[in-house]
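# Structural overview for review
Listed here are the chains, written in short residue letters.
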Amino acid sequence: MTRAELELPHHGQLVQLASDVYWARFDLPFRLNHINLYLFDQGDSWTVIDTGLKDDATAAHWDDLLAGPLNGKPVERIIASHHHVDHIGYAGPLAEKTGATVFSSADEIDHAHWLYNHEPEDFAKLMESVYTAHGFDEETIAIARADPGRYRRHVAPLPDIITLDDGDVITSRDGEWQVRIDAGHSSGHISLYDRSRDIYLAVDFLLPRISPNVSADLRKLDHDQLGPYLDYLADIEGVITAETLVLPGHDWPFTDGPARAAELVRHHHQRLDQLRAAAATGPMTTAAALDVLFGRVFGPHEVYFAAGEARAHLNHLVALGEFVKTTTDGVDRFERIS
Ligand SMILES: [Zn+2]
């Protein structure tokens, strides 16, 4: 992976990446403290890829972009790459402000509505059952129960969203972007590839510094999310080249994307090996797998992602036929059988 030699965009500023492709960087109130958004110049309008989350800083940043570098041209399309709060959270207000039409994939639209439509008490119950299944102690379960409004806190009411399908083509003034829909970091994640200019807008599926979080899907906790992500990584290695300019959702544009994909494959195989070794001594819960993979994890946000990631790796070992899951008193345990 080689970082592209580009200045980071400051607040209210766009960095040009190709004749009609621009990069903006918005602040996030998390440990991962920023998100990259991309804009396509359509000639007489803009297409925006991702929006930031719902907060005052995002609203102010969009107002400054609209009044400044967007040059008075209307935003016609908003593409939400996936349902995560930092990508879709501000889609509603931005669509309202600009009159833009919002697009995403069918699965991401479903997932966003599913999360948004949970009343806080229902979400608290869901998290209680998930954390119980993970085998967490009472204290950790109580912490999960105590923060049931996270999605709505960071996501404005969802606008009408039009479905994009795998293989659809998005045109920008000077480019044609093929829509890819893959499962892994989320289950219907959109990325865009302009083959003729060799630019791949990977969003959160290929990040240069951190490994994209791959978590079990709260809608179907047993579902194998890692398998399709490993398939994606193997596939994308053969689609893009070392020269392809990769545009990620966090950190900075880079090249040598296939090497980065191969590194992420190795990373996940190491984690699977760690769990295989740990399970040699007996069945393990997701909470125990979390300890094996991450050691001590601090803060409810980190525990949430680490548990999701641990469970995704356990589910993959079940899908491979190496582990089997049993459930006693609501607690899932994973046992090595081969
Ligand atoms: Zn994401």
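Below or above, wherever it landed, is the structure these notes cover.

### A word on the overall build of the chain
For the chain, the helix and strand inventory stands at 11 helices and 16 strands. Compactness check: the chain gives a C-alpha radius of gyration of 20 Å against a globular reference of 20 Å for 338 residues, within 12% of the reference. In terms of overall dimensions, the chain has C-alpha extents of about 60 × 45 × 30 Å along its principal axes. A buried classification covers 46% of the 338 residues belonging to the chain. Taking the contacts inside the chain whose residues are at least 6 apart along the sequence as the reference set, 64% of them involve residues at least 24 apart.

### So, helix α9 (residues 257–278)
Taking 1.5 Å of rise per residue, 22 residues should cover 32 Å, and α9 covers 32 Å from first to last C-alpha, within 8% of that figure. Listing the buried residues of α9 in full gives Gly257, Pro258, Arg260, Ala261, Leu264, His268, Arg271 and Leu275. All buried residues of α9 lie within an arc of 165° about the axis, which places them on one face of the element. Looking at α9, the residues exposed on the side facing more than 90 degrees away from the buried face are Arg266, His269, Gln270, Asp273 and Ala277. Of the surrounding elements, those touching the buried residues of α9 are β12 (199–203), α8 (226–239), β13 (245–248), β14 (254–255), α10 (286–294) and α11 (300–319).

### Quick look at the nonpolar core
In this structure, Tyr38, Ile78 and Leu201 are the most contacted members of the largest nonpolar core, which totals 71 residues. Counting 23 residues, the second largest nonpolar core, distinct from the first, contains Ala144, Ala306, Leu317 and Phe323.

### Focus: the packing of α8 against α9
Relative orientation of the contacting elements α8 and α9 amounts to 150°, with a least axis distance of 8 Å. Comparing the axis directions of α8 and α9 gives the class roughly antiparallel. As α8 runs across α9, the sense of the crossing is left-handed. Contacts from Leu226, Leu230, Leu233, Ala234, Ile236 and Glu237 in α8 reach Pro258, Ala261, Ala262, Leu264, Val265 and His268 in α9. The residue inventory of the contact of α8 with α9, partitioned by class, reads 10 nonpolar, one polar and one charged.

### Considering helix α5 (residues 120–134)
A rise of 1.5 Å per residue sets the reference length of α5, with its 15 residues, at 21 Å; its end C-alpha atoms lie 21 Å apart and thus fit the reference within 8%. Listed in full, the buried residues belonging to α5 are Phe123, Met127, Val130, Tyr131, Ala133 and His134. In an axial view of α5, the angular spread of the buried residues amounts to 150°, which keeps them on one side of the axis. Away from its buried face, by an angle of more than 90 degrees, α5 presents the exposed residues Glu121 and Asp122. Those residues of α5 that are buried lie in contact with α6 (138–145), α10, α11 and β16 (331–336). Gly135, located one to two residues past α5, shows a positive phi value of around 85°.

Cut-offs and rules
- Residues numbered from 1 in each chain as written.
- Predicted model: local features only at pLDDT ≥ 70, side-chain atom pairs only at ≥ 80, totals over all residues.
- Helix = DSSP H or I, 4+ residues; strand = E, 2+ residues; numbered from the N terminus.
- Rg over C-alpha atoms; globule rule 2.2 N^0.38 Å.
- Buried ≥ 20, exposed ≤ 12 C-beta atoms within 10 Å, placed from the backbone.
- Contact = placed C-beta atoms within 7 Å.
- Expected span 1.5 Å × (residues − 1).
- Arc of directions from axis to C-beta.
- Core = buried A, V, L, I, M, F, W, Y, C linked by C-beta atoms within 7 Å.
- Axes fitted to C-alpha atoms, helices over the stretch in contact; angles between N-to-C directions.
- Parallel < 35°, antiparallel > 145°, perpendicular 65-115°, else oblique.
- Left-handed = near helix turned anticlockwise from the far one by under 90°.
- Nonpolar A, V, L, I, M, F, W, Y, C, P; charged D, E, K, R; others polar.

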